[in-house]
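# Analysis of the macromolecular model
What follows is each chain in one-letter form.
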Amino acid sequence: CRPCSCVMRFSDVQKQSFGQWSPDGRHLAGASNARVLVRDAETLNLVQVFVCVAKVERIEWSPDSQFLLTEIAQQGLVQVWNLGDADWACRI
């Protein structure tokens, strides 16, 4: 048995209430109050943070893993985010 000489880097700890894996398995989206934190599935490094108008109750991915749907039940609102374009957003 040899000691491990690898270096492990951990991202900041964020309190998250639930998460959802992307269909392609490359990302994990987690809800933290009014924020959605998207992490790389292999490294768990933070890739993107989306700020919603209120507490996120549900997260769903599009089948191609490019869009995130966030349900804001308190306001009867759905926000849609584009993982590839942080400036693009939609409210329904």
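In space, the four strands of this open sheet follow the order β1-β2-β3-β4, with antiparallel pairing throughout. Because the sheet does not close on itself, it has two edges, and the strands there are β1 (18-21) and β4 (46-51). Taking each pair of neighbouring strands and ignoring which way they run, the sheet shows an average axis angle of 20°.

A few words now on unusual backbone geometry. Trans peptide bonds make up most of the peptide bonds, and negative phi angles are found at most residues other than glycine. Here L44, not a glycine, exhibits a phi torsion of approximately 65°, which is positive. If you trace the backbone, L44 turns up in the loop between β3 (35-40) and β4. Look at S65: it is not a glycine, yet its phi comes out positive at around 65°. Mapping S65 onto the fold places it in the loop between β5 (58-61) and β6 (67-72).

Thresholds applied
- Residues numbered from 1 in each chain as written.
- Predicted model: local features only at pLDDT ≥ 70, side-chain atom pairs only at ≥ 80, totals over all residues.
- Heavy atoms only, no water.
- Pairing = 2+ DSSP bridges.
- Helix = DSSP H or I, 4+ residues; strand = E, 2+ residues; numbered from the N terminus.
- Axes fitted to C-alpha atoms, helices over the stretch in contact; angles between N-to-C directions.

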